[in-house]
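A closer look at the structure
Spelled out, the chains give:
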Amino acid sequence: MRGLDFSSWQSMLSTLAALAAITLIGVGIRLIVMQTVQQRRERENRQINERLRTLIAAYKTLGGSFTGDLAVDPTHLRDLRRRGVSADAGMVVDDALERDANSSDRSRRIRDAVEAALSDILLLGTDEQVRLAARAATELAEGRPVRTAELVVSLRDFIRRVLDLEPVPADLSIPMQGPTRPPGGAKGKGESGGRDGQGGGARSGGGGGAMGAGGGAAAGIGVGGMLADNDERTPAP
């Protein structure tokens, strides 16, 4: 307060101007700091949301099934080809290969989805989840069946903790979870439906053309008959 001088109008105006400048500088610094903190918080929230969204998708892929075969089959198509090769003649048995390929098509799709989910967990998972995902990926690379129940439990506990949900009751018995089984047969039905639709369109188009041609011919005959009747009724000069 000793630096404030209100003895004259000039000194009072200069004092007020100095106070206004200091206030503006302080407000500007505060706004810059608040904006920086807000931008950092928004960036962290986006990262957390993206990480949580990715891990939830991985959880649904790895733990969407409770029944059936809950292990991931690491068999590739090249392994099926090797199985179909005859040892003595070196010829591929097409029938056996086709049966094996059809029977393991769903398992191969499950394996591909599980591999993508493990890759996401290796990128965004916690230390425990990364270790479990790395072990599962190693077993897949070595050609051994993999169970994902332990990794699913870790993902479930982490997601519930991040979302501020209550933990799963300890006395609750949850069956083992395995990879989600993709739906089958929809593609073939869609293709057959498309072919039927195209065939039906062609048939309806052909029928429409025939009706149009028939109608045109009938109209031509009617007009020709009317002209002939008029000619007969007109007397000759």
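As the structure is a computational prediction, the values presented were derived from the model and not from experiment.

**Some thoughts on unusual backbone geometry**
- Located in the positive-phi region is D164, a residue other than glycine, with phi close to 60°.
- Mapped onto the elements of the fold, D164 is located in the loop between α6 (149-162) and α7 (186-233).
- Take D164: its relative accessible area is 71%, and that puts it in the exposed class.

**Some details on the packing of helix α4 (residues 105-124) against helix α5 (residues 127-141)**
- Between α4 and α5, whose axes approach to 9 Å, the crossing angle comes to 145°. For the crossing formed where α4 meets α5, the hand is left-handed. Two secondary-structure elements touch here, α4 through V114, E115, L118, I121 and L122 and α5 through Q129, V130, A133, A134, A136, A137 and L140.
- Among the residues making up the contact of α4 with α5, the classes are represented as 10 nonpolar, one polar and one charged.

**Comments concerning the pattern of salt bridges**
- Here the structure, examined in full by the defined rule, presents six salt bridges.
- Note that R111 and E115 form a salt bridge whose closest N and O atoms lie 4.0 Å from each other. Of this pair, R111 and E115 both sit in helix α4, four residues apart, roughly one helical turn.
- With relative accessibility at 5%, the residue R111 sits in the buried group.
- Exposure remark for E115: the relative accessible area of 35% places this residue in the partly exposed category.
- Residues joined by salt bridges that share partners form a network here, namely R111, D112 and E115.

**Some words on the packing of helix α1 (residues 9-62) against α4**
- Between α1 and α4, whose axes approach to 9 Å, the crossing angle comes to 145°. Like other packed secondary-structure pairs, α1 and α4 cross with a definite hand, here left-handed. Only A113, V114, A117, L118, D120, I121 and L124 of α4 make contact with α1, whose side of the interface consists of R51, T54, L55, A58, T61 and L62.
- When grouped by side-chain class, the residues that make up the contact of α1 with α4 number nine nonpolar, two polar and two charged.

**Comments concerning the side chain of Q177**
- Following the sequence through the fold, Q177 ends up in the loop between α6 and α7.
- Within polar-contact distance, the side chain of Q177 engages the backbone oxygen of G63 at 2.6 Å.
- If near-sequence neighbours (up to four positions away) are discounted, Q177 is found in contact with Y59, L62, G63, S65, F66, L70, T148, A149, V152 and R156.

**Digging into α1**
- The terminal C-alpha atoms of α1, which comprises 54 residues, lie 78 Å apart, in line with the 80 Å expected from a rise of 1.5 Å per residue.
- Buried residues in α1 make contact with α4, α5 and α6.

**Regarding the UniProt feature "transmembrane region" (unreviewed entry) in the protein chain**
- The sites that carry the UniProt feature "transmembrane region" (unreviewed entry) are, in the present numbering, residues 12-33.
- Counted over residues 12-33, helix gives 100% and strand 0%. Its end C-alpha atoms are 32 Å apart.

**Focus: the nonpolar core**
- Core analysis: the biggest nonpolar cluster contains 21 residues, and L62, V114, L118, I121, L140, L151 and L155 have the highest contact counts within it.
- Within the residue set of this core, elements represented by two or more residues are α1, α4, α5 and α6.

**Re a nonpolar patch on the surface**
- Judged by side-chain polarity, I25, I29, V33 and V37 come together as a nonpolar surface patch covering roughly 360 Å² of accessible area.
- Examined against the element boundaries, V33 turns out to sit in helix α1.

**A word on the side chain of R156**
- Its location among the elements puts R156 in helix α6.
- One buried charged residue, R156, forms no salt bridge at all, with the nearest opposite charge on D157 at 4.4 Å.
- Excluding anything up to four places from it in sequence, R156 contacts Y59, V168, I174 and Q177.

Conventions adopted
- Residues numbered from 1 in each chain as written.
- Predicted model: local features only at pLDDT ≥ 70, side-chain atom pairs only at ≥ 80, totals over all residues.
- Heavy atoms only, no water.
- Helix = DSSP H or I, 4+ residues; strand = E, 2+ residues; numbered from the N terminus.
- Buried < 20%, exposed > 50% of the residue type's maximum accessible area, 1.4 Å probe, protein only.
- Axes fitted to C-alpha atoms, helices over the stretch in contact; angles between N-to-C directions.
- Left-handed = near helix turned anticlockwise from the far one by under 90°.
- Contact = heavy atoms within 4.5 Å.
- Nonpolar A, V, L, I, M, F, W, Y, C, P; charged D, E, K, R; others polar.
- Salt bridge = Lys/Arg side-chain N within 4 Å of Asp/Glu carboxyl O.
- Polar contact = N/O pair within 3.5 Å; in protein donor to acceptor, adjacent residues only side chain to side chain.
- Expected span 1.5 Å × (residues − 1).
- UniProt positions renumbered as here; feature names shortened; annotations may be inferred.
- Core = buried A, V, L, I, M, F, W, Y, C linked by side-chain atoms within 4.5 Å.
- Patch = residues over 30% accessible without salt bridge, like charges linked within 9 Å, V, L, I, M, F, W, Y side chains within 5 Å.
- Areas by Shrake-Rupley, 256 points an atom, 1.4 Å probe, with all protein chains shown as cover.
- Lys, Arg positive; Asp, Glu negative; His and termini not counted.

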